[in-house]
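# Analysis of the macromolecular model
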Amino acid sequence: MSESTTPGKKGNLTGSARKLKDDAADWHNLIQKWERLNDEGSTIATKIVNLGMSKKSDTEADVVMEGGSVKAGDISDNLKRSNQELEEECVKLQDVVDKMANILSKMEKMVQAERGICELEAFQCGEKRAAPLFHTWSTQQFVEVSSKLYESYKQELALKKTILQELAHTANADLSMVYLSSWLYQPYIEDSGKLLLESLLLETGHRPL
Amino acid sequence: MSSAVLLSLHQQLKKCFETLIANKSVWDSELAECKPLMSSLGNLAVQLKALKNVQIANTPLANFPSLQERLHYKLSLAVDAVLGKLAEKMDALQRLRDAISQQVSAVFQFYEKNTDTLDIAGCVSRSAICPSISDMLEWLQDADRCYRLQLVQRRNLLQALIPSDLTLMETAPKRWESLHSASGEERIADALCQVSFFMETE
């Protein structure tokens, strides 16, 4: 094998090592992008809940003010406007979720590619290569880390999709709050994920030892 | 009345007020930075409460494994992080209060050591630009006590918070705001105005 095994030096990596190192950088970038989208989505989701609440109080006010000085036309105009606004925000949130789905599919491809690398290696060097590609990790370990990260983001995306579907239709304030905090705090993305990513970056030489 | 002692006491008072002015502005800004932290604490309490009130099994989220526990864990971590930052702020406030207290007690010590040479008439006499020594000592003591009390009350509020009492945590931002002592702050500001000419004299 002619692959260079010195990590940290850019440009002289080829083959599997090159691919794994690039993937590590991609993991980092995709996760950062995900976090940004998460913040963006959180702001939109909060807006949706607030609009839903004010809509509810508007319709309640409608009942109270029946026969009052406020014209019915004003209220229905208001309602129309807030409905439109609500729809716009929902479309925005849909857009965020779509982008997240896109990120997840890229993650999935990386996991598959790394599995492929592992199989290729088994084919070329028998069960295990003599020396690790970088510092200490076996190729199998890259696959394990990637799969773990992928699984957590997959579960998180499923959660976000559910939140997207339900958020605007929930009359229960507590449940809306749970949706919002689930969106923001991402219960399926554990701290161990951060550790995995950092060790991946360390192993591939993106972070100095 | 020994003029040397009087001069020295005036200098110490000046130094003490300088410390007070410097620390007051830092104190105010540190305290201002606590406000958003307190409101996120209250916000987290609301979220934890909502989570407690919702039966996840009866919602569209029922299929997500151990969501309640996971979210609770994440929210608790966030609470811890906020409390950690607040504890840092409290330490900073403590250091400021210590600095003020130290200066004030130094002035008082000096005064008490020299009471023989300082007669009452001299201590209570004042001029257009220079307040009397007794007034200035009183203002310093008031300021010292005000900061002392503020710190104890705020720290007490934070220490009384327990994870099981979410209502207590939810109302913490409001109670935090109510600890603000407008009259105490005003007295300190007044005192600083009254000594402004005195501070400028050589």
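Above this text you will find the structure in question.
Now for a description of the structure that goes with this document. Being a predicted model, the structure only gives us computed values, none of them experimental. (Residues numbered from 1 in each chain as written. Chains lettered and ligands numbered in written order. Predicted model: local features only at pLDDT ≥ 70, side-chain atom pairs only at ≥ 80, totals over all residues. Heavy atoms only, no water.)

A word on the packing of aromatic side chains. Using the criterion set out here, one finds five aromatic pairs over all chains in the structure. Taking 4.9 Å as the distance between ring centres and 85° as the angle between the ring planes, the aromatic pair formed by Trp34(A) and Tyr153(A) counts as edge-to-face. Here Trp34(A) is found in helix H1 (residues 15-64), whereas its partner Tyr153(A) is found in helix H3 (residues 139-166), with 119 residues between them in sequence. Just as Trp34(A) is buried, Tyr153(A) falls in that class too. Aromatic side chains Tyr188(A) and Phe64(B) sit 6.3 Å apart centroid to centroid with 40° between the ring planes, which places their arrangement in the tilted category. Remark: Phe64(B) occurs in the loop between helix H1 (3-53) and helix H2 (67-113) and Tyr188(A) occurs in the loop between helix H4 (173-185) and helix H5 (191-203); the pair is interchain, linking two chains. On the basis of relative accessibility, which here comes to 5%, the residue Tyr188(A) falls in the buried class. Among the aromatic residues, those joined into a cluster by ring pairs are Phe134(A), Trp137(A) and Phe142(A). Note that Lys14(B) overlies the ring of Phe198(B), its terminal NZ or CZ placed 5.5 Å from the centroid. The side chain of Arg154(B) reaches across the aromatic face of Trp176(B), ending 4.8 Å from its centre. (Phe/Tyr/Trp six-rings, centres within 6.5 Å; stacked < 30°, edge-to-face > 60°. Helix = DSSP H or I, 4+ residues; strand = E, 2+ residues; numbered from the N terminus. Buried < 20%, exposed > 50% of the residue type's maximum accessible area, 1.4 Å probe, protein only. Lys NZ or Arg CZ within 6 Å of the ring centre and 35° of its normal.)

This brings us to unusual backbone geometry. The phi dihedral of Gln186(A) is positive, around 45°, even though this residue is not glycine. Given a relative accessible area of 4%, Gln186(A) falls into the buried group. The backbone phi angle of Ser66(B) is positive, close to 40°, even though this residue is not glycine. Along the chain, Ser66(B) falls in the loop between H1 and H2. Judged by relative accessible area, Ser66(B) falls into the partly exposed class, the value being 38%.

Further remarks concern the packing of H1(B) against helix H7 (residues 182-194) of chain B. All names here are of chain B. Two elements in contact, H1 and H7, have axes whose closest approach is 11 Å; the angle formed by their N-to-C orientations is 140°. If you check the angle between H1 and H7, you find them oblique. Considering the relative orientation of H1 and H7, their crossing is left-handed. Side by side, H1 and H7 meet where Phe17, Leu20, Ile21, Lys24 and Asp28 of the first sit next to Glu185, Ile188 and Leu192 of the second. Taken together, the residues of the contact of H1 with H7 break down into five nonpolar, no polar and three charged. (Axes fitted to C-alpha atoms, helices over the stretch in contact; angles between N-to-C directions. Parallel < 35°, antiparallel > 145°, perpendicular 65-115°, else oblique. Left-handed = near helix turned anticlockwise from the far one by under 90°. Contact = heavy atoms within 4.5 Å. Nonpolar A, V, L, I, M, F, W, Y, C, P; charged D, E, K, R; others polar.)

As a further point, take the interface of chain B and chain A. In this assembly, 22 residues from chain B lie in contact with 19 residues from chain A. Taken together, the two surfaces of chain B and chain A that pack against each other cover about 1800 Å², and 69% of this comes from carbon and sulfur. The largest per-residue losses of area from chain B upon contact with chain A belong to Phe64(B), Arg70(B) and Lys74(B), which jointly make up 31% of the total buried on that side. For the interface between chain B and chain A, the tally reads one salt bridge. Note that Arg70(B) and Glu190(A) form a salt bridge whose closest N and O atoms lie 3.0 Å from each other. Inspection of the region where chain B meets chain A yields eight residue pairs in polar contact (both at pLDDT 80 or more). Mapped onto the side of chain B that touches chain A, the elements with two or more residues apiece are H1 and H2 of chain B. With eight residues, the top contributor of residues to the side of chain B that touches chain A is H2(B). Of the residues assigned to the side of chain B that touches chain A, the class counts are 16 nonpolar, four polar and two charged. (Buried area = accessible area lost by both parts, 1.4 Å probe. Salt bridge = Lys/Arg side-chain N within 4 Å of Asp/Glu carboxyl O. Polar contact = N/O pair within 3.5 Å; in protein donor to acceptor, adjacent residues only side chain to side chain.)

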